[in-house]
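Commentary on secondary and tertiary structure
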Amino acid sequence: MTPLLDKASAAPRALTHRELVEILTWPDAKKLFAAAYAVKCREIGKFVSFRGLVEFGNVCEKDCYYCGIRRSNGKVRRYRMDADEIVREAEWALKAGYGSLVLQSGELTGEANVAFVENVLKRIHAIGGDDFGITISLGEQSEETYRRWREAGAHRYLLRIETSNPELYAKLHPADHSWERRRDCLRALRRCGYQVGSGVMSGLPGQTADDLASDIEFFASEDLDMIGMGPYIPHADTPLGMNAEWTPELRKARLELGLRMIAATRLYLHDVNIAAATALQALDPEGREKGLLAGANVIMPNVTETRYRADYQLYADKPCLNENSTLCRGCLERRIASIGESIHWNKRGDSPHWSKR
Ligand code: SAM
Ligand code: SF4
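The notes below deal with the structure included here. (Residues numbered from 1 in each chain as written. Chains lettered and ligands numbered in written order. Predicted model: local features only at pLDDT ≥ 70, side-chain atom pairs only at ≥ 80, totals over all residues. Heavy atoms only, no water.)

**Looking at the site of ligand 2**
Basically, it comes down to this: Residues are classed as near a molecule or strand on a simple rule: at least one heavy atom within 4 Å of it. Under the scheme applied here, ten amino acids are nonpolar (Ala, Val, Leu, Ile, Met, Phe, Trp, Tyr, Cys and Pro), four are charged (Asp, Glu, Lys and Arg), and all others, including Gly, are polar.
Taken together, the neighbourhood of ligand 2 is formed by Cys60, Lys62, Cys64, Cys67, Ile69, Arg70 and Gly106. Residue classes in the shell around ligand 2 are distributed as 4 nonpolar, 1 polar and 2 charged.

Shown next, in the form of structure tokens:
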């Protein structure tokens, strides 16, 4: 290897900001990915953990400029699954051996929604017990709400900061969306006892390699347990995506940048869980496997009933729209075996970083 990759591999958080930028822009991407993959194998093993993803509703109070299900997109057919449907899909994931579940939706903050989610969590926890991981990704909420959901059975929470640069954040959101509030939510989640996950989008307009290096430093300074990040992909019915150029070359470069972020994050943090996001697969049918080989160790197969999938389109070219969950499971099993990794069936797959706390 080279001295800088050796230094990054030997100990976590060993790089300066400049060195992180250097790693992110490393000329030989293959070498970079191989170094990150070796750290992943050493820290986690040659295993992939699964989380069954249920996208249970696309109604959202927020209006992020990049997101296809933002409040102001009038073209979206809105849906919300009922509690029985969500629990049924959780049971499917449990029986499929996924070991963990992620419940995700648009952001809703009223008491009716808080109580609805609380009830669903209690029902799923009653079925799966403590051995079945429950992650939720339901946006910014009050600390009291986070606490109620934690007590009802959720133990991991994903809330992407989107970018660690507050000025860039302000350009991607309306004025009433606050970067500081989002960061404070991450801290509230920690106080409530969750395993805390966050992440960013890479390839945002105006984002620099410096920003991405700062994003990784932000993950370290917030002492995150899990990282879920992915490439930004334009959606034609959003303010940010409507006039965006989107050529095959751009898609290729966006994929590579997403992989570089995974590799640099693994080389800097070593023992956290890192997800290979579905957005990678939207850019390349083998995007998630490439993510694993660049240092990720978690995949979130979609277990949402097929008829809802087309209505939860955050970006263009969402994959597996017409596939059912059983098909997805078989396809993933083959793909993971093909890269020489095995699946951690029926395991919660907690982040080693969290387990060491
Ligand atoms: N509403 C919750 C929230 O925002 O945290 C959870 C669901 S939200 C759809 C999950 C993530 O989707 C966001 O954190 C954002 O990073 C990602 N996302 C939204 N639009 C995207 C796009 N155009 N390209 C890539 N990722 C996108
Ligand atoms: Fe809503 Fe989340 Fe999309 Fe923002 S990213 S509009 S909060 S679903």
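**Considering the pattern of salt bridges**
Spelled out, the test is: In what follows, salt bridge is the name for a side-chain nitrogen of Lys or Arg lying within 4 Å of a carboxyl oxygen of Asp or Glu. Between buried and exposed lies partly exposed: a residue is buried under 20% and exposed over 50% of the maximum accessible area for its type, with that area taken using a 1.4 Å probe on protein chains only. Helix and strand labels come from DSSP, where a helix needs a run of H or I of at least four residues and a strand needs a run of E of at least two; each type is numbered from the N terminus.
This model, assessed by the stated rule, comprises 32 salt bridges. With a closest N to O distance of 3.1 Å, Glu43 and Arg42 form a salt bridge. Residue classification places Glu43 among the partly exposed positions, given a relative accessible area of 27%. Ionic pairing is found between Asp350 and Arg156, a salt bridge with its closest N-O pair at 2.7 Å. With Asp350 in the loop between strand S11 (342-343) and helix H15 (352-355) and Arg156 in strand S5 (residues 156-158), this residue pair connects regions lying 194 residues apart in the sequence.

**Details of the packing of aromatic side chains**
For any two aromatic rings, the description comes down to two numbers: the centre-to-centre distance and the angle of the planes. What counts here: Centres within 6.5 Å are what make two rings of Phe, Tyr or Trp a pair, Trp counting through its six-membered ring; a difference in plane orientation under 30 degrees is then read as stacked, over 60 as edge-to-face, and the rest as tilted. The criterion is that NZ of a Lys, or CZ of an Arg, lies within 6 Å of the ring centre and within 35 degrees of the ring normal, and then a charge sits over that ring.
Scanning all chains against the criterion turns up 9 aromatic pairs. Aromatic pair Trp92 and Tyr98: ring centres 5.8 Å apart, planes at 85°, arrangement edge-to-face. Tyr98 sits in the buried class, given a relative accessible area of 1%. Grouped by ring-pair contacts, the aromatic residues Phe50, Trp92, Tyr98 and Trp345 constitute a single cluster. A cation over an aromatic ring shows up here: Arg80 above the ring of Phe116, its NZ or CZ 4.6 Å from the ring centre. Here the guanidinium or amino end of Arg150 rests over the ring plane of Tyr194, the centre of that ring lying 5.9 Å away.

**As for the pairing of strand S2 (residues 52-57)**
Stated precisely, the cut-off is as follows: With its strands directed away from the observer, a crossover is right-handed exactly when the path from the first strand over the helix to the second travels clockwise.
The buried count for S2 comes to 6 of 6 residues, which makes it a mostly enclosed element. Where the polypeptide runs from S2 across helix H4 (residues 83-95) and back to strand S3 (residues 100-105), its parallel neighbour, the crossover connection is right-handed.

The values reported here are purely geometric and, on their own, carry no functional implication.
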